[in-house]
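# A structural walkthrough
Residue strings, one per chain:
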Amino acid sequence: MDTNAGNGDPPAPRDILRVSTCETPETLAPASVLFDRYRRHHGESDGGERTLGWLTEMVHSRMLTVYTASSASQDERPPLGLATSHAMPASLVMGRFWQLRDLYVLPEFRRRGTAAALVSAVREDAVAAGATRLSLVTGLDNRPALDLYRRLGFEPVAGLASLSLDLVPRTTT
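Please read all numbers here as calculations on a predicted model, not as lab measurements. (Residues numbered from 1 in each chain as written. Predicted model: local features only at pLDDT ≥ 70, side-chain atom pairs only at ≥ 80, totals over all residues. Heavy atoms only, no water.)

## Let's talk about the layout of surface pockets
- Of the pockets and cavities examined, the second largest pocket occupies roughly 820 Å³.
- What lines the second largest pocket is a set of 21 residues, and nearest its centre among them are Leu-136, Val-137, Glu-155, Pro-156 and Val-157. (1 Å grid on protein atoms, 1.4 Å probe; cavity = no way out; pocket = protein on both sides within 12 Å on 5 of 7 lines; lining within 4 Å. Points joined across faces, edges and corners; volume = space filled by probe spheres on them.)

Here's what the structure looks like:
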């Protein structure tokens, strides 16, 4: 996860943000452009048309919710930022928790509250769905993201290790 975005300050009055979920081809297409920029930011190659297909599949299978933030004053312009999230079982409490998976704001719109607005929308939806917690993972060297998340109330999880096992050799596409 990466934000390199927003310091939590409210946007300037001319930049009132509107956060929407993306479920249709019309809303997923611009989201896929941002998602590809996010992927390239992390060293992945451009997914092209494959990105839209993947996002559409994830949304329609309810494995992922995609959010975009746009300037309310510029409805016809592409979105400024994107977040994704998903619900997961919370076995011990026999409930569910949500995870904020991806967060990206275009560089020219960072530090204007866009990332905070996206996280807030995910949080509100998680609460409305009865989630017991909202979690995320980000790099230890991603200071802007860590600072934002702490300002928004997230706390580091002590005593847990993040481990991974690649099941398929990694290739760039």
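## Side note on the environment of Ala-72
- Among the secondary structure elements, Ala-72 is positioned in the loop between β2 (65–71) and β3 (81–90).
- Residue classification places Ala-72 among the partly exposed positions, given a relative accessible area of 36%.
- Residues Ala-72 and Val-19, 53 residues apart in the sequence, show an inter-C-alpha distance of 9.1 Å. (Helix = DSSP H or I, 4+ residues; strand = E, 2+ residues; numbered from the N terminus. Buried < 20%, exposed > 50% of the residue type's maximum accessible area, 1.4 Å probe, protein only.)

## Description of the sheet that holds strand β4 (residues 95–105)
- Pairing within the open sheet is mixed, and its 5 strands lie in the order β1-β2-β3-β4-β5. Because the sheet does not close on itself, it has two edges, and the strands there are β1 (17–22) and β5 (134–136). Strand after strand, the sheet turns through a mean of 30° between neighbouring axes, direction not considered.
- Summarising the sheet, β1 and β2 pair through 6 bridges and their orientation is antiparallel. Counterpart to Cys-22 in the pairing with β2 is Val-66.
- Lying over the sheet, helix α1 (residues 25–41) contacts β1, β2, β3 and β4, oriented at roughly 75° with respect to β4. (Pairing = 2+ DSSP bridges. Axes fitted to C-alpha atoms, helices over the stretch in contact; angles between N-to-C directions. Contact = heavy atoms within 4.5 Å.)

## Some remarks on helix α3 (residues 114–128)
- Compared with the 21 Å implied by 1.5 Å per residue over 15 residues, the 21 Å span of α3 between its first and last C-alpha is a close match.
- When α3 is considered as a whole, its buried residues turn out to be Thr-114, Ala-115, Ala-116, Leu-118, Val-119, Ala-121, Val-122 and Ala-126.
- Residues of α3 that are buried in the fold lie against β1, β2, β3, β4, β5 and α4 (143–151).
- Positive backbone phi, approximately 80°, marks Gly-130, located one or two places after α3. (Expected span 1.5 Å × (residues − 1).)

## Some details on the nonpolar core
- Ranked by internal contacts, the top residues of the largest apolar core, which has 37 residues, are Val-66, Leu-103 and Tyr-149.
- Of all elements in the fold, only β1, α1, α2 (49–60), β2, β3, β4, α3 and α4 reach the threshold of two or more residues within this core.
- Excluding anything up to four places from it in sequence, Val-66 contacts Ser-20, Thr-21, Cys-22, Leu-28, Ala-31, Leu-55, Val-59, Leu-82, Ala-83 and Thr-84. (Core = buried A, V, L, I, M, F, W, Y, C linked by side-chain atoms within 4.5 Å.)

## Observations regarding unusual backbone geometry
- One non-glycine residue, Arg-62, lies in positive phi territory at about 60°.
- Residue Arg-62 is classed as exposed on the basis of its relative accessible area of 79%.
- In this structure, Arg-111 takes a positive phi of about 65° despite not being glycine.
- By secondary structure assignment, the location of Arg-111 is in the loop between β4 and α3.

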